[in-house]
Amino acid sequence: MDLLEYQGKEFFAAHDIAVPPGGFAKSVEEAVGVAEAMELPVVVKAQVHTGGRGKAGGVKLVRTMEEVRQHAQNILGLDIKGHIVECLLVEAASDIAEEYYTSFTLDRSERKHLGMLSAQGGVEIEEVAERDPEAIAKIWVDPLEGLTEPQCRDWVAAAKLNPAATEGAVSILLKLYEAYVAGDADLVEINPLILTGNGEVIALDAKVTLDGNAVFRHKNYAAYDASQPRDEREQAANSKGLQYVGLSGNVGVIANGAGLAMSTVDVVNQVGGAAANFLDIGGGANADVMASALDVINNDPAVSAIFINIFGGITRGEEIAKGVIEAMDRVDIASPIVIRLDGTNAQQGRDMLQPYLSDKLMLSPNMLDAAHRATALAGQAA
Amino acid sequence: MSIFVDENTKVVYQGLTGSQGRFYGLLNRDYGTQVVAGTNPKKAGTDVDGVPIYASVGEAVEATGATASCVFIPAPGVKGAVIEAAEGGVEFIVVITEGVPAHDEAWFFNKLQRDFPQVRMLGPNCPGIISPGKCNIGITAGHIAKAGGPVGIVSRSGTLTYQALYELKQKDIGCTTCVGIGGDPVPGTNFIDCLEAFEADPETQAVMMIGEIGGSAEEEAAEFISTSMTKPVVAYIAGVTAPAGKKMGHAGAIVTGNKGTAQAKMQALAQAGAKVGQNPTEAGELMVEVVASL
């Protein structure tokens with residue numbers, strides 16, 4: 001789950017990491033209310049799940065209440081890379097002396113936590129990595145040991161920050177590591193981490209991704225999950241417990257298992273088609289799950305043919321067949337369906353489907369053949 | 001021969017009294033796996049269809065000589081279950097459970113490496129391991145695999161593993177061992193561990209490797225193949241058309257920036273000398289050619 005900046009700053013504040021004072025606003029009036037309680041100037045910042053806000057006009061420094069009103073008005077509703085701004089963060093303008101970069105994430109290759117720190121902040125870290133890799137000081141933290149203060153000091157020294165920032169940086173980085181672990185984050189990133197004119201080190205931005213698998217020990221994360229951007233198709237599928245990712249083609253895909261579902265999307269593409277979605281019904285899906293999946297695909301107006309690709313290990317062929325028949329009974333399936341059914345009880349499933357076969361429901365002997373047929377059918381419809 | 005498990009492997013199921021544990025534990029027994037025990041601290045002294053239940057893995061090991069454990073415990077309890085298994089004295093731990101927090105995985109991987117270096121963990125979030133005809137631990141349907149050799153399989157994806165076993169069986173090619181390493185960010189056993197074991201296994205003469213987008217495990221495997229493998233490798237990578245930044249079901253299957261794309265992985269593997277199939281069927285056909293030329 002990706003947090004918005006204001007949520008990330010709440011997360012930081014809860015772990016005693018210094019952030020500028022500020023408040024969240026969903027309307028112009030709320031923004032004015034927040035600003036009135038603060039000293040001007042303040043910064044009005046668009047809260048969206050994407051980068052490049054500044055360039056898009058989503059971040060404004062304002063010096064008067066009139067300007068707060070005017071910019072809040074302009075920024076709310078702004079379209080930033082397809083994300084419509086629905087809320088704002090109004091926060092105290094900071095006196096920036098220097099800008100740094102820092103983050104913690106999991107290094108899968110080393111199977112340890114990776115901390116990165118650079119004196120070159122405020123820009124895309126990928127650019128720094130490309131232009132001047134030496135400018136990023138890296139540290140690998142053993143999850144059993146945690147980040148110790150001596151390690152952290154060496155790390156800060158290696159990053160060659162302004163000596164005036166050393167104490168503040170050590171303190172905030174130790175807290176950031178604690179927040180990363182205790183909060184079950186996949187990523188915590190501060191860019192820029194700033195040194196102020198007063199010599200304080202604070203988080204001017206917050207990019208936090210939380211591990212959805214850890215929600216069971218963080219009850220408050222449910223609210224974050226609810227505010228994730230999803231397209232309507234994804235929402236409908238998720239509410240039925242299906243793994244769904246919307247794509248831009250016209251062949252609806254249903255498969256069991258993430259790997260096979262990805263592979264199915266690929267194969268449709270290889271034969272010249274384009275998948276409308278990735279949909280994994282999971283292992284051991286019964287007829288009801290299969291029928292729900294068909295429902296979701298059927299409700300997508302972009303779909304003009306449906307490719308069901310099932311390899312039964314735990315999932316049983318007769319359950320898949322039952323689900324397809326039930327779904328066809330229950331709702332009018334608009335697009336023709338091509339089914340490839342192999343594995344456990346596949347013959348039984350194919351036998352059950354036999355009486356229903358028509359130009360709206362076809363059985364295919366293998367994955368490639370099915371992809372060809374579904375793509376051809378989708379092409380005819382388009 | 002086989003890698004990691006064989007007909008002598010004795011397995012204790014952590015969570016055998018739960019619905020999933022019971023279902024697959026008994027299926028594994030039907031397959032011929034030595035299912036010697038289950039654990040549940042509240043049900044010690046009872047049994048599941050004749051399989052005795054002990055309070056802990058340690059007690060089960062003492063009473064039955066179990067050498068491996070299979071974990072069907074729900075995600076919040078997996079961290080404790082893995083450590084219990086290692087302390088209990090098994091050498092091999094297979095974690096089927098999905099949805100384990102990444103911080104837990106990173107913690108217990110490092111814990112095993114430091115304090116229990118003799119223990120191998122497979123998973124979490126994996127289908128398990130099958131040495132056809134000898135031992136099946138996990139959720140793979142045993143009948144889709146042909147026993148014997150000469151092919152070893154290692155895969156990050158469950159259903160694609162089944163697809164591979166099935167394609168090979170249909171072409172009358174046997175499998176020494178098929179290892180599902182799972183799709184999570186911190187797998188206990190990775191591609192290289194399996195490639196190394198297959199390289200050392202005299203019965204395995206070729207390896208089928210199935211990867212997917214995300215991370216750099218396939219690229220690292222490619223490096224190993226080019227420097228340390230003498231046996232031929234056929235590879236397939238899922239997710240060529242996956243959009244960047246979208247999680248495709250597995251926690252591991254996400255492309256960020258230019259890293260972890262299927263194209264980069266396929267290129268690295270091809271450069272390392274592996275034969276790369278564009279889809280599972282093509283990979284199966286490539287393996288037929290490889291086996292014919294052995």
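Residues numbered from 1 in each chain as written. Chains lettered and ligands numbered in written order. Predicted model: local features only at pLDDT ≥ 70, side-chain atom pairs only at ≥ 80, totals over all residues. Heavy atoms only, no water.

Draft legend 1. Looking closely at the pairing of strand S1 (residues 10–14) of chain B. Residues and elements named next belong to chain B. Among the five residues that make up S1, four are buried, leaving the element largely enclosed by the rest of the structure. In this fold, the crossover linking S1 to strand S2 (residues 34–39) by way of helix H1 (residues 19–31) has right-handed handedness. Pairing of S1 with strand S5 (residues 68–71), which is carried by four bridges, proceeds in the parallel orientation. Across the sheet, residue Val11 finds its bridge partner in S5, namely Ala68. (Buried < 20%, exposed > 50% of the residue type's maximum accessible area, 1.4 Å probe, protein only. Helix = DSSP H or I, 4+ residues; strand = E, 2+ residues; numbered from the N terminus. Right-handed = clockwise from strand over helix to strand, strands pointing away. Pairing = 2+ DSSP bridges.)

Draft legend 2. Broad picture of the domain arrangement of chain A. With domains assigned, chain A is organised as domain 1 (21–92), domain 2 (96–222) and domain 3 (232–381). Measuring from the centre of the C-alpha atoms in domain 2 of chain A to the corresponding centre in domain 3 of chain A gives 44 Å. (Domains from an automatic or database assignment.)

Draft legend 3. Spatial organisation of the sheet that holds strand S6 (residues 88–92) of chain A. Residues and elements named next belong to chain A. Pairing in this open sheet of four strands is antiparallel, and the strands run S1-S6-S2-S3 from one edge to the other. The two strands at the open ends of the sheet, each matched to only one other strand, are strand S1 (22–25) and strand S3 (59–62). The average undirected angle you get between the axes of adjacent strands in this sheet is 20°. As defined by bridge partners, strand S2 (residues 42–46) adjoins S6 across five bridges and the pair is classed as antiparallel. The residue of S6 that forms the bridge with Lys45 is Leu89. Against the sheet, helix H2 (residues 28–36) makes contact with S1, S2 and S6, and its axis sits at roughly 170° relative to S1, the strand it touches most. (Axes fitted to C-alpha atoms, helices over the stretch in contact; angles between N-to-C directions. Contact = heavy atoms within 4.5 Å.)

Draft legend 4. Representation of the interface of chain A and chain B in the model. Chain A puts 45 residues into the contact, and the matching count from chain B is 58 residues. Taken together, both faces of the contact between chain A and chain B bury some 4100 Å²; the carbon and sulfur share is 58%. For the pair chain A and chain B, the interface holds two salt bridges. With its nearest N and O atoms 3.2 Å apart, the salt bridge here joins A:Glu145 to B:Arg114. The interface formed by chain A and chain B holds 21 residue pairs in polar contact (both at pLDDT 80 or more) in total. Breaking the side of chain A that touches chain B down by element, the ones donating at least two residues are strand S8 (112–118), helix H6 (166–182), strand S10 (185–196), strand S13 (243–246), helix H9 (258–270), strand S17 (337–343) and helix H13 (367–381) of chain A. (Buried area = accessible area lost by both parts, 1.4 Å probe. Salt bridge = Lys/Arg side-chain N within 4 Å of Asp/Glu carboxyl O. Polar contact = N/O pair within 3.5 Å; in protein donor to acceptor, adjacent residues only side chain to side chain.)

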